[in-house]
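Chain by chain, the residues run as shown.
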Amino acid sequence: MKTKILIFLGCLMAAPMQAQTSRAELLAHPDLAAGNYCNYPNPTGHVTPAPDGYEPFYVSHYGRHGARYMTDDKAYKYTIGKMDTAQTRGWLTSYGQEVLVRLKKAAGNAYHRAGDLTQLGGRQHRAIAHRLVRNYPELLMQPIHVKANSSTVRRCMLSMVNFCQELKTMNPQIDVMMDASEHDMYYIIPNDSIAIPKSETDGPLYEKLDSFRHEKLNGRHQIALLFNEPQAVSGWIDGYKFANSLWNIAADMYCLPELRLSFNDLFTEDEFIDGFRVYNASWCLWEGLMPGSQHNYYAIYPLLKNFLDEADLMIASGEKGVRLRFGHDSVVLPFSFILGVKEAIGGTDDMENLHNTFSIFRLIPMAGNVQLIFFRKQGSDDILVKFLMNENETSVPIKTDCYPFYHWKDVSAYYRNMLKEADVKYKTIIEKEEDDDDD
Amino acid sequence: MTTINKTVKCVLCLALSIINCQLSIIQAQTSKKEIFNDIYRTGSNYFAYPGPKQQKLTKAPEGYNPFYISHYGRHGSRYMSNNEYYVTAINKLDSAAQFGILSAKGQEVLEKLRIGYADAWHRDGDLSKLGARQHQEIAHRMYERFPELLSQPLKIDAKSSTVRRCMLSMFNFCQELQEQNPQLEITMDASKHDFRWVVEDLTIKPAETPASETYEQQRSAIFEGAHNPTRLMASLFTDVRKAEEFISGRDLMEALYNVAEDLQNVPELDIELIDVFTKEELFNMWQGYNAGWLLNTGLVPGCTPYYEQQREVLDSIVSKADQVILKGEPTVDLRFSHDSSVLPLSYLLGLKEARSGKADIPNIYKYISIDKIIPMAANIQMVFYRKEGSDDVLVKFLLNENETTIPAVKTDCAPYYHWRDLRAFYRQN
């Protein structure tokens, strides 16, 4: 117990104050309110020099795919379907008619592109790779080997190749091996064979979230703007579904700047931020980051193990290299929570105020990523590691005397112990089949 | 140069091209001996990319320089697209072992199957390491063969089928180009949005021709006749009669053929099962697969023209070339797809290797042999040349990086063709 308190105090002293998100910040940067659709925010650019004599020799990276189209066309189908019918019946305001044209333009562009990486998404990954080389040229400009695995989803694969292509452009000597196979999915995506311990308080939290979502995205304002007789359409249009669809469309436009389309005019600033708060709370609960929720992040433990095992192998080999993994927000978020990075641990069930301590735009914007940079010193066994959340140096709840660097022996022991205590159990074949049927 | 000299030169050129043409027709024929000499050819579309035979390409006519390459490639070496063949073979041999009727040879085969299956587990249809290398090497050779084009700071567009092995083939190809020339600006994509310009359209159903049923019966007879498992069963089992109670020899033979042939695409495993069969057996089975591919693509005179499914892709290639010529900016277009796309495209483009089919199914392998057209990483490259001060655009075709010809189109400078003549041909056919 004493040790735990000491570790806790050590962290408090070492780590800077937890990032707070205020309404003012969101008002000043409405793009951040797009939540997990938000364009990758540029990192601060601050790179703390490693302690004397320490050189980077290994990068272990997990990144979400870059900006993408919506993963299906339901939002377009619902809004355009309802508004098209309304137009033929003369129920649309002239503003509504103009919005319908705009929606059709966006939907036309998205045709047969559900879930695809956008051009911006490719650029985001190139930029991240570019900065990696620029920040650690001692490592990245050498003829090193890069091993990259991606989720089997195309946008992740294309993110991977954009990243690697930039590395190759900057240093043609590197040797890159890319793959995307079912074979590696057990650690690249949430492992659905892992049995998640049940939580009795999970259900009530979902009920609470449901009310929160329906209250914040009620659609009354949008319906009043777009339809002549809001009363007449009220039973015909599901206000929540309508507003939710429009919010998602509006948020996804941040992934497609070349279209020069925006739907933010359908929301007041507060309403758009409300949409953000809805998804902020949803993600916090979905991944098990909200106190009392089911620990869904258990499905990410194989990734943690992969990070630890491969780092140990690299250290033991004495070699240098870069390890890249490309996947999804549903991994980056719980993974950063497991690691305990300061941006991910502020979850609370106070959904109204959650954004003050926990904001998904700091964690899972498009192309969101976690990087561990490893350093060693000639003639010493000591290995240092630095944690980057979206390329910004961050803290983890482990004692250190050289923040933002941590001693790998402490880091490794801490997470190995975490894995031991989690005592991950795998579902039996029958349990897995039953779960798959439920999906 | 005097007029006489010119005439002599023309006659000589003509004579040479006729000889060339005849030579190439002879070369296009496939013999049993040829297959026996390179037994993995019997893998047909499993055949691992052999690399180009032709080391030195024909120089372009004076003053002509390459300014555009349109490349259409199949993914590289891959794992079997599903592991059912492993499951079938292992199950049956394992059961035989339980009954104590597995021969020493059978035991050896079972052990190798287990190694192969462990490696292939959850890798169904994946690009293998060899497949990645094949694409790097093709890109490397493309750079070496056309440095005057590829060393420029080009903008390159690459598109792939949405299937992972094609995407990874594209990635490997483009990485190699980037390594050769870091100035290249390569855009890659794989989207349903572009499917029609990359992959054949299976929703097109050409009307069945009167001959197709007879052809199918002939093919089936070759295929089934080739799957005679008597010798194989006797080599694997000590009690064939007992084995036949729970093993279909024919199905086991089919499964082992697929596994044995695909192992050439995973050479790092260093296991071979090809010696489970005699060369004669492999040759016979290959004939069945070869005929099947040709009929399913429409390459036999009188059979259903399934190659029409690839027409949209041909149109896209032609109109993209027109755009590039009009715009005048040097570039490269890369498309990555499947065997079922390269084969019909080779026919539609008029390549001699795909146009020599005869209405003679039992001997069809002599005329078209698909291991020459669609091995793993198969590709067709159209290289466009132009000359300053001239509107004339010349095109050269490379099939699997060897120069080839379009017998239906006349030319005065083979293996180069005038684009205007090719366009007329593609519009009519």
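Basis of the calculations
Residues numbered from 1 in each chain as written. Chains lettered and ligands numbered in written order. Predicted model: local features only at pLDDT ≥ 70, side-chain atom pairs only at ≥ 80, totals over all residues. Heavy atoms only, no water. Helix = DSSP H or I, 4+ residues; strand = E, 2+ residues; numbered from the N terminus. Buried < 20%, exposed > 50% of the residue type's maximum accessible area, 1.4 Å probe, protein only. Contact = heavy atoms within 4.5 Å. Areas by Shrake-Rupley, 256 points an atom, 1.4 Å probe, with all protein chains shown as cover. Rg over C-alpha atoms; globule rule 2.2 N^0.38 Å. Lys, Arg positive; Asp, Glu negative; His and termini not counted. Charge placed at Lys NZ, Arg CZ, Asp CG, Glu CD. Core = buried A, V, L, I, M, F, W, Y, C linked by side-chain atoms within 4.5 Å. Patch = residues over 30% accessible without salt bridge, like charges linked within 9 Å, V, L, I, M, F, W, Y side chains within 5 Å. Salt bridge = Lys/Arg side-chain N within 4 Å of Asp/Glu carboxyl O. pLDDT = per-residue confidence, 0-100. Expected span 1.5 Å × (residues − 1). Polar contact = N/O pair within 3.5 Å; in protein donor to acceptor, adjacent residues only side chain to side chain. Buried area = accessible area lost by both parts, 1.4 Å probe. Nonpolar A, V, L, I, M, F, W, Y, C, P; charged D, E, K, R; others polar. Phe/Tyr/Trp six-rings, centres within 6.5 Å; stacked < 30°, edge-to-face > 60°. Axes fitted to C-alpha atoms, helices over the stretch in contact; angles between N-to-C directions. Parallel < 35°, antiparallel > 145°, perpendicular 65-115°, else oblique. Left-handed = near helix turned anticlockwise from the far one by under 90°. Pairing = 2+ DSSP bridges.

Caption draft 1: View of the overall build of chain B. Helix and strand counts for chain B come out as 16 helices and 8 strands. For chain B, the spread of C-alpha atoms along the three principal axes comes to 85 × 45 × 40 Å. Burial statistics for chain B: of 429 residues in total, 55% are counted as buried. Restricting to contacts in chain B with at least 6 residues of sequence separation, those with at least 24 account for 79%. Carbon and sulfur atoms make up 52% of the accessible area of chain B, which amounts to about 18,600 Å² in all.

Caption draft 2: Just the overall build of chain A, in detail. Looking only at helices and strands, one finds 17 helices and 10 strands in chain A. What you see for chain A is a C-alpha radius of gyration of 23 Å, in line with the 22 Å of a compact globule of 439 residues. Across its three principal axes, chain A shows a C-alpha extent of roughly 80 × 50 × 50 Å. Summing over all exposed atoms, chain A offers an accessible surface of approximately 18,500 Å²; the carbon and sulfur share of this is 54%. In chain A, which carries 45 positive and 56 negative side-chain charges, the distance between the mean positions of the two groups comes to 4 Å.

Caption draft 3: Structural view of the nonpolar core. Core analysis: the biggest nonpolar cluster contains 110 residues, and Phe227, Leu304 and Tyr415 of chain A have the highest contact counts within it. Top element by residues in this core is helix 13 (residues 269–286) of chain A. It accounts for 9 residues. In contact with Leu304 of chain A, other than residues within four places in its own chain, are Phe335, Ile338, Leu339, Tyr415, Met418 and Leu419 of chain A. With 73 residues, the next largest nonpolar core counts Tyr143, Leu150, Leu334 and Ala377 of chain B among its residues.

Caption draft 4: Expanded view of a negative patch on the surface. A cluster of acidic residues, Glu431, Glu433, Glu434 and Asp437 of chain A, forms a negative patch on the protein surface. Here Glu433 of chain A lies in helix 17 (residues 429–438).

Caption draft 5: Just the confidence of the model for chain B, in detail. Residues and elements named next belong to chain B. Looking at chain B as a whole, the pLDDT averages 94, with 93% of positions reaching at least 70. Residue range residues 6–26 is modelled with pLDDT below 50. Its contacts to residues more than four positions away, or to other chains, number 3 contacts. Interface confidence for the predicted complex, given as ipTM, is 0.90, next to a pTM of 0.92.

Caption draft 6: Here's a closer look at helix 12 (residues 239–252) of chain A. In this model, helix 12 of chain A (14 residues) spans 20 Å end to end at C-alpha, consistent with the 20 Å of a helix rising 1.5 Å per residue. Capping the start of helix 12 of chain A is the job of one residue whose side-chain oxygen sits 3.1 Å from the backbone nitrogen of Tyr240 of chain A: Asp238 of chain A.

Caption draft 7: Focus on the interface of chain B and chain A. Taken together, the contacts link 23 residues of chain B with 25 residues of chain A. Overall, the association of chain B and chain A removes approximately 2,300 Å² of surface from exposure, summing both partners, and the carbon and sulfur fraction of that is 53%. For the chain B face of the interface with chain A, the top three residues by lost area are Arg164, Phe171 and Gln175 of chain B, together amounting to 26%. Taken together, chain B and chain A are joined by 4 salt bridges. Two residues, Asp189 of chain B and Arg113 of chain A, come together in a salt bridge whose shortest N-O distance is 3.3 Å. For the pair chain B and chain A, the interface holds 21 residue pairs in polar contact (both at pLDDT 80 or more). At the level of elements, helix 7 (164–180) and strand 3 (185–189) of chain B are the ones that each hand at least two residues to the side of chain B that touches chain A. When residues in the side of chain B that touches chain A are grouped by element, the largest group, 9 residues, is from helix 7 of chain B. For the side of chain B that touches chain A, the per-class residue count stands at 10 nonpolar, 6 polar and 7 charged.

Caption draft 8: Representation of the packing of aromatic side chains. Per the stated rule, a full pass over the model turns up 41 aromatic pairs over all chains. Between Tyr58 of chain A and Phe374 of chain A, the aromatic rings sit 5.1 Å apart at their centres with planes inclined by 45 degrees, giving tilted as the arrangement. Of the two residues, Tyr58 of chain A is situated in strand 1 (residues 54–64) and Phe374 of chain A in strand 6 (residues 369–377); the sequence distance between them amounts to 316 residues. With respect to burial, Tyr58 of chain A and Phe374 of chain A carry one shared label: buried. Relative to Trp286 of chain B, the ring of Phe283 of chain B lies with its centre 5.6 Å away and its plane at 35 degrees, an arrangement referred to as tilted. Residue Phe283 of chain B and its partner Trp286 of chain B are located together in helix 12 (residues 279–297), separated by 3 residues, close to a single helical turn.

Caption draft 9: Quick peek at the packing of helix 3 (residues 84–98) of chain B against helix 11 (residues 249–262) of chain B. Residue and element names in this part refer to chain B. In contact at an axis separation of 9 Å, helix 3 and helix 11 are set at 125 degrees when each is read in the N-to-C sense. Our classification of the angle between helix 3 and helix 11 gives oblique. Of the two possible hands of crossing, helix 3 and helix 11 adopt the one that is left-handed. Residue-level contacts link Tyr85, Tyr86, Thr88, Ala89, Lys92 and Leu93 of helix 3 to Leu252, Glu254, Ala255, Leu256, Asn258 and Val259 of helix 11. Looking at the contact of helix 3 with helix 11, its residues break down into 8 nonpolar, 2 polar and 2 charged.

Caption draft 10: The pattern of salt bridges, seen in detail. Scanning the entire structure with this criterion turns up 53 salt bridges over all chains. Residue Asp309 of chain A pairs with Lys305 of chain A through a salt bridge whose shortest N-O separation is 2.7 Å. Taken as a pair, Asp309 of chain A and Lys305 of chain A lie in helix 14 (residues 301–317) at a separation of 4 residues, close to a single helical turn. Residue classification places Asp309 of chain A among the partly exposed residues on the basis of a relative accessible area of 25%. In this structure, Arg41 of chain B and Asp371 of chain B form a salt bridge, with 2.6 Å as the shortest nitrogen-oxygen distance. Placement of Arg41 of chain B in the loop between helix 2 (32–37) and strand 1 (64–74) and of Asp371 of chain B in the loop between helix 15 (364–367) and strand 5 (379–387) is noted, with a sequence separation of 330 residues between them. One exposure class covers both Arg41 of chain B and Asp371 of chain B, and it is buried. One connected set of salt bridges, linked through shared partners, spans Arg113, Asp116 and Arg154 of chain A together with Asp189 and Asp194 of chain B.

Caption draft 11: Local environment of unusual backbone geometry. Each neighbour pair has its own omega, and for Tyr403 of chain A with Pro404 of chain A the value is 5 degrees, a cis peptide bond. Residue position: Pro404 of chain A is located in the loop between strand 8 (392–394) and strand 9 (405–407). The omega torsion of the bond from Ala414 of chain B to Pro415 of chain B falls at 5 degrees, within 30 degrees of zero and hence cis. By the secondary structure assignment, Pro415 of chain B is in the loop between strand 7 (402–404) and strand 8 (416–418). Of note, Asp423 of chain A is a non-glycine position whose phi angle comes to about 45 degrees, a positive value. Considering the arrangement of structural elements, one finds Asp423 of chain A in the loop between helix 16 (408–422) and strand 10 (425–426). Owing to a relative accessible area of 46%, Asp423 of chain A belongs among the partly exposed residues under this scheme.

Caption draft 12: Structural context of the confidence of the model for chain A. Across chain A, the average pLDDT comes to 93, with 95% of residues at 70 or higher. In the model, residues 1–18 of chain A has pLDDT below 50 throughout and makes 16 contacts with residues more than four positions away in sequence or in other chains.

Caption draft 13: Geometry of the packing of helix 13 (residues 311–327) of chain B against helix 16 (residues 419–428) of chain B. Residue and element names in this part refer to chain B. In the contact formed by helix 13 and helix 16, the axes pass within 12 Å of each other and the chain directions differ by 150 degrees. For the element pair helix 13 / helix 16, the angle class is roughly antiparallel. Once helix 13 is placed against helix 16, the crossing between them reads as left-handed. On the side of helix 13, the interface is formed by Arg311, Leu314, Val318, Ala321, Asp322 and Ile325, while helix 16 contributes Trp419, Arg423 and Tyr426. Per-class residue counts for the contact of helix 13 with helix 16 are 6 nonpolar, no polar and 3 charged.

Caption draft 14: Region of the structure containing the pairing of strand 7 (residues 383–389) of chain A. Residue and element names in this part refer to chain A. Of all the 7 residues making up strand 7, 7 are buried; the element is thus mostly covered by neighbouring parts of the structure. Side chains Ile383, Val385, Phe387 and Met389 project from strand 7 onto one buried face, and the interleaved Leu384, Lys386 and Leu388 project onto a second face that is buried too. The pairing of strand 6 with strand 7 spans 7 bridges and is antiparallel. Each residue of the ladder has a partner; that of Leu372, found in strand 7, is Phe387. The turn joining strand 6 and strand 7, which pair antiparallel and follow one another in sequence, is formed by 5 residues; a positive phi near 80 degrees is taken by Gly379. Pairing of strand 7 with strand 8 involves 3 bridges; the strand directions are antiparallel. Opposite Leu388, over in strand 8, you have Glu393 as the bridge partner. In sequence, strand 7 turns back onto strand 8 through a hairpin of 2 residues, with Asn390 there showing a positive phi of about 50 degrees.

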